[in-house]
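# Chains, contacts and geometry: an overview
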Amino acid sequence: MFFRNSNSKSHFKRLIFSSNFSTFSLFIHQKPPFRYTQNHNYVNVYMKWKKDPFFDSIVHIHKSIELKPIIQLKNFVAKDPSGCIPISAVSKRGLEFDISIKVARFLRQYPSVFEEFRGPEYNLPWFRLTPEAAEIDGEEKRVFDECKEDLKDRLKRFILMSKDKVLPLKIIKGMEWYLGLPEGFLEDSKGNLDESFRFMDMEDGLKGLAVESEGEKVLSTMQRNAMKNGVYFGGTMEGIEFPIFPSKGLRLRRKIEGWLNEFQKLPYVSPYEDFSHLDPNSDVAEKRVVGILHELLSLFVEHSAQRKKLLCLKKYLGLPQKVHKAFERHPHMFYLSFKDKTCTAILKEAYCGKSGIERHPLLGVRKKYIRLVKESGRILKYRKTNNRFIKQEKLEKDLDLDSESDDRTELPL
């Protein structure tokens with residue numbers, strides 16, 4: 001009866017057309033990456049770790065932990081007006097310099113950097129920089145002056161990756177070594193920071209440093225390199241593939257390899273873009289996490305960091321609770337080194353072939369410090385050998401004297 005009525009027929013057609021139009025309009029207004037954000041195919045699969053001697057043998061990465069307290073003490077000595085300090089000035093500040101042994105003993109372990117002498121007061125041990133250490137220190141200061149804009153840009157990018165474009169000062173200071181910022185960089189805000197930086201109060205009574213981007217789009221290292229290669233055109237959620245570098249002998253199962261190929265085709269979400277529309281359990285969200293880790297390590301001096309040091313960034317960069325697992329799931333992009341009982345995450349791209357990662361201006365200076373520190377081992381070995389010879393000569397001389405004395409007592413009267 002409904003279909004016999006012409007008015008009813010026209011009403012039914014209008015109803016069907018209206019329904020189809022609504023469905024179509026919802027489809028065309030839906031964000032393109034929606035179909036990806038619902039997929040979650042591989043994130044919980046376990047990836048077997050494979051040792052790679054090449055990355056385990058990069059000296060400046062694995063000596064970075066040892067070098068940090070040496071540089072801190074070097075800076076403390078260098079900033080003294082007299083260029084030297086008594087041991088009493090640092091003897092009770094071991095925790096401040098992250099030194100677990102007596103500071104005097106620590107300083108004596110590096111005679112190529114610190115020269116010991118007897119001071120003018122109280123006959124205490126004093127320390128000053130060796131001429132070689134003072135020369136590298138001067139070069140380091142020149143690099144800081146010449147590359148101030150580069151260092152400021154790296155700090156700005158680091159802050160802009162956060163959800164609210166602000167990070168606590170204690171977090172930034174904890175990452176100064178990785179970013180290559182000199183001591184006191186934040187304290188001298190007038191000399192080092194521009195008007196885009198702003199100090200502010202955060203929740204929980206924390207002091208923070210914010211960056212105002214003024215609406216300008218910030219491109220990640222991945223986006224800039226892809227643009228140079230003509231595979232990225234500045235759009236949002238375009239598919240950009242990560243450069244991958246398989247380690248020798250590392251073979252992925254066919255299923256995992258297939259997932260990786262599909263993962264590479266997913267939209268790339270820049271660390272500087274809004275990610276609130278993403279399903280946190282999706283593969284696109286996983287690709288964003290990998291993109292953040294890639295960008296972080298691109299900014300760092302050695303393009304590496306202790307994995308545990310990055311965990312403090314989870315809350316502020318919108319990273320998942322088990323973000324450390326992302327390094328394990330992507331062994332073609334990251335290498336985890338367990339040398340010296342420390343888990344260090346390394347960005348492979350920075351050390352493989354013609355890398356698109358910009359070299360940090362401070363890296364060359366740190367390499368010189370490491371070579372100088374290695375000289376300490378040779379000096380101590382030489383001293384030990386010489387002392388052995390001196391002791392041996394003294395012992396032989398004493399034996400000769402004793403022998404002569406015995407001969408004299410046995411002479412007849």
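Residues numbered from 1 in each chain as written. Predicted model: local features only at pLDDT ≥ 70, side-chain atom pairs only at ≥ 80, totals over all residues. Heavy atoms only, no water.

Under an unreviewed UniProt entry, the name given to the protein chain is Protein ROOT PRIMORDIUM DEFECTIVE 1-like, and the organism recorded is Theobroma cacao.

### Here's the deal with the packing of helix α8 (residues 148–160) against helix α14 (residues 283–299)
How two helices sit against one another is set out by the angle between their axes and by the gap between those axes. Packing of α8 against α14 leaves a shortest axis separation of 10 Å and a crossing angle of 160°. By the criterion of interaxial angle, the relationship of α8 to α14 is roughly antiparallel. The handedness of the crossing between α8 and α14 is left-handed. The segment α8 lies against α14, with R154, R157 and F158 engaging E295, L296, S298 and L299. Of the residues that constitute the contact of α8 with α14, the class distribution is three nonpolar, one polar and three charged. (Axes fitted to C-alpha atoms, helices over the stretch in contact; angles between N-to-C directions. Helix = DSSP H or I, 4+ residues; strand = E, 2+ residues; numbered from the N terminus. Parallel < 35°, antiparallel > 145°, perpendicular 65-115°, else oblique. Left-handed = near helix turned anticlockwise from the far one by under 90°. Contact = heavy atoms within 4.5 Å. Nonpolar A, V, L, I, M, F, W, Y, C, P; charged D, E, K, R; others polar.)

### Quick word on the side chain of S196
Within the secondary structure, S196 sits in the loop between α11 (189–192) and β5 (197–201). In terms of polar contacts, S196 uses its side chain to reach the side chain of D194, at 2.4 Å. Beyond its immediate sequence surroundings of up to four residues, S196 is in contact with K156, A210, V211 and E212. (Polar contact = N/O pair within 3.5 Å; in protein donor to acceptor, adjacent residues only side chain to side chain.)

### Observations regarding the packing of aromatic side chains
Per the counting criterion, the structure on display carries nine aromatic pairs. The interplanar angle of 45° and the centroid separation of 6.3 Å between the aromatic rings of F117 and W126 together place this pair among those described as tilted. Comparing F117 with W126 shows no difference in burial state: the two are buried. By the ring-pair criterion, three or more aromatic residues cluster together here, those being F54, F55 and Y335. If you follow R128 out to its NZ or CZ, it ends over the ring of F117, 4.1 Å from the centre. Just above the ring of F275 sits the side chain of R288; from NZ or CZ to the centre is 3.5 Å. (Phe/Tyr/Trp six-rings, centres within 6.5 Å; stacked < 30°, edge-to-face > 60°. Buried < 20%, exposed > 50% of the residue type's maximum accessible area, 1.4 Å probe, protein only. Lys NZ or Arg CZ within 6 Å of the ring centre and 35° of its normal.)

### Let's talk about the nonpolar core
If you look at the biggest cluster of nonpolar residues, it comprises 105 residues, and the most contacted ones within it are L73, V90, F114, L155, F158, L209 and F300. The leading source of residues in this core is α14, at eight residues. Beyond its immediate sequence surroundings of up to four residues, L155 is in contact with I172, L179, L181, F185, L186, L193, F197 and L209. (Core = buried A, V, L, I, M, F, W, Y, C linked by side-chain atoms within 4.5 Å.)

### Overview of the sheet that holds strand β7 (residues 304–306)
Read from one edge to the other, the open sheet built from three strands follows the order β7-β9-β8, with strand pairing classed as antiparallel. The outermost strands of the open sheet, each flanked by one partner alone, are β7 and β8 (334–337). Taking the axes of each pair of neighbouring strands and ignoring which way they run, one obtains an average angle of 20° across the sheet. Bridging between β7 and strand β9 (residues 344–347) involves three bridges; their strand directions are antiparallel. Paired with Q306 across the strands is T344, a residue of β9. Contacting β7, β8 and β9, α14 runs over the sheet at an angle of about 90° to β9. (Pairing = 2+ DSSP bridges.)

### Side note on the pattern of salt bridges
Counted according to the given criterion, the structure contains 25 salt bridges. A salt bridge links K368 to E139, with the shortest nitrogen-to-oxygen separation between them at 2.9 Å. A residue pair is termed long-range when its members are at least 10 positions apart, and K368 in helix α17 (residues 363–409) and E139 in helix α7 (residues 131–146) qualify at 229 residues. For K368, a relative accessible area of 31% corresponds to the partly exposed category. A residue is classified by how much of its surface remains accessible, and E139, at 22% relative accessible area, is partly exposed. (Salt bridge = Lys/Arg side-chain N within 4 Å of Asp/Glu carboxyl O.)

### Structural notes on the environment of I346
Summarising the element assignment, I346 is placed in strand β9. Each C-alpha atom, one on I346 and one on Y335, is 5.1 Å from the other, the two residues being 11 residues apart in sequence. Look past the residues within four positions of I346 in its chain and what remains in contact with it is F55, I61, L297, H303, S304, M333, F334, Y335, S337 and Y351.

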